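Listed below are the residues making up each chain.
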Amino acid sequence: MSRADEIMDVANHFILERGYSAFSYADIAGEIGIQKASIHYHFPSKANLVQSVVGRYRQQIKSNLALLDGMEGDPQEKLTQYLNYWEVCLEAQATDICLCALLASEIPILPDEVRSEIKAHFEELTDWFTRLLKESKVPLQYTTADVSDEEMAHGILAGIHGGMLAARTFNDVGQFRMIKSGLLHQIHPAK
């Protein structure tokens, strides 16, 4: 693992644990056992560091979505697999939520370059949900009357991230499971 990756791993951990504002280069240096100057060599500013962490996170999510796209199965099965991934993460540690969901709560204080990465993540994820719903070989119907695939995709995004935040708040993966169940029951083949 490169030094830059090690720095990003520690920064990712601190962001999930403390948020954007509550960690510093001194915290990272102390955790790794290096000088702050070494961090500045790789990441001149905290904004640059967090932008890189979020960019790397986005790439990981894109790779995971590509794996789901390659799966055989209907959209509900792919959505179930996506939700199962987060359920396993939250079971292991209820604070292990989507990095962008956590940072989105801090949007007003984030530098523009970090905000742009977060916005791009949410757009990509919503686009994936929308495409997944549209590509269904079986016409889908939603429990909520008269919603488009795009509106349903936004609801899925909000539900998933809200469920993560609830699980984190209550330190209880059961909060996420309730949201997961509700989301999956809203999508069913048209009669």
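Residues numbered from 1 in each chain as written. Predicted model: local features only at pLDDT ≥ 70, side-chain atom pairs only at ≥ 80, totals over all residues. Heavy atoms only, no water.

Caption draft 1: Local environment of the overall build of the chain. A tally of helices and strands in the chain yields nine helices and two strands. Each of the three principal axes of the chain carries a C-alpha extent, and together these read 65 × 30 × 30 Å. Out of the 191 residues belonging to the chain, those deemed buried represent 44%. Partitioning the intrachain contacts of the chain with sequence separation of at least 6 by distance along the chain shows that 67% fall at a separation of at least 24. A total accessible area of about 9,800 Å² is found for the chain, and carbon and sulfur atoms account for 52% of it. The averaged location of the 26 negative side-chain charges in the chain is 2 Å from the averaged location of its 17 positive side-chain charges. (Helix = DSSP H or I, 4+ residues; strand = E, 2+ residues; numbered from the N terminus. Buried < 20%, exposed > 50% of the residue type's maximum accessible area, 1.4 Å probe, protein only. Contact = heavy atoms within 4.5 Å. Areas by Shrake-Rupley, 256 points an atom, 1.4 Å probe, with all protein chains shown as cover. Lys, Arg positive; Asp, Glu negative; His and termini not counted. Charge placed at Lys NZ, Arg CZ, Asp CG, Glu CD.)

Caption draft 2: Looking closely at the pattern of salt bridges. Within the structure shown, the criterion is met by 15 salt bridges. A salt bridge links Asp 112 to Arg 115; the nearest nitrogen and oxygen atoms lie 3.4 Å apart. Note that Asp 112 and Arg 115 are positioned in helix H7 (residues 112-134) at a spacing of three residues, about one turn of the helix. Look at Arg 115 and you get partly exposed, because its relative accessible area is 31%. (Salt bridge = Lys/Arg side-chain N within 4 Å of Asp/Glu carboxyl O.)

Caption draft 3: Looking closely at the nonpolar core. Membership of the largest hydrophobic core comes to 60 residues, with the highest contact counts inside it found for Ile 28, Leu 49 and Phe 129. If near-sequence neighbours (up to four positions away) are discounted, Ile 28 is found in contact with Ile 7, Val 10, Ala 11, Phe 14, Phe 23, Ile 39 and Leu 49. (Core = buried A, V, L, I, M, F, W, Y, C linked by side-chain atoms within 4.5 Å.)

Caption draft 4: The arrangement of the environment of Gln 93 in detail. Along the polypeptide, Gln 93 turns up in the loop between helix H5 (75-92) and helix H6 (99-104). With a relative accessible area of 48%, Gln 93 lands in the partly exposed category. Sequence separation of Gln 93 and Ala 167 is 74 residues, and the distance between their C-alpha atoms is 9.6 Å.

Caption draft 5: Geometry of helix H8 (residues 149-170). For H8, built from 22 residues, the straight-helix expectation of 32 Å at 1.5 Å per residue is met to within 8% by its first-to-last C-alpha distance of 31 Å. Listing the buried residues of H8 in full gives Met 152, Ala 153, Ile 156, Leu 157, Gly 159, Ile 160, His 161, Gly 163, Met 164 and Ala 167. Of the residues one or two after H8, Asn 171 is the one with positive phi, at around 50°. (Expected span 1.5 Å × (residues − 1).)

Caption draft 6: The arrangement of the environment of Leu 90 in detail. As for its placement among the helices and strands, Leu 90 is situated in helix H5. In contact with Leu 90, other than residues within four places in its own chain, are Asp 96, Ile 97, Met 164, Ala 167, Val 173 and Phe 176.

Caption draft 7: Here's a closer look at the packing of aromatic side chains. According to the stated counting rule, one finds five aromatic pairs in the structure shown. Between Tyr 82 and Trp 128 the ring centres are 6.0 Å apart and the planes differ by 45°, which places this aromatic pair in the tilted class. Placement of Tyr 82 in helix H5 and of Trp 128 in helix H7 is noted, with a sequence separation of 46 residues between them. When the centroid spacing of 5.6 Å and the interplanar angle of 85° are considered together, the rings of Tyr 82 and Phe 129 count as edge-to-face. Of this pair, Tyr 82 sits in helix H5 while Phe 129 is found in helix H7, placing the two residues 47 residues apart along the sequence. Given a relative accessible area of 6%, Tyr 82 falls into the buried group. One aromatic cluster is present, formed by Tyr 82, Trp 128 and Phe 129 through successive ring pairs. Directly above the ring of Tyr 20 sits Lys 46, whose terminal nitrogen or CZ lies 4.7 Å from the centroid. One residue, Lys 46, lies across the ring of Phe 23, its end atom 4.3 Å from the ring centre. (Phe/Tyr/Trp six-rings, centres within 6.5 Å; stacked < 30°, edge-to-face > 60°. Lys NZ or Arg CZ within 6 Å of the ring centre and 35° of its normal.)

Caption draft 8: Up close: the side chain of His 121. In this structure, His 121 sits in helix H7. Note on His 121: relative accessible area 2%, which makes it buried. Dropping the residues within four chain positions of it, His 121 is found in contact with Tyr 57, Arg 58, Ile 61, Cys 98 and Cys 100.

Keep in mind these numbers describe shape, not what the thing actually does.
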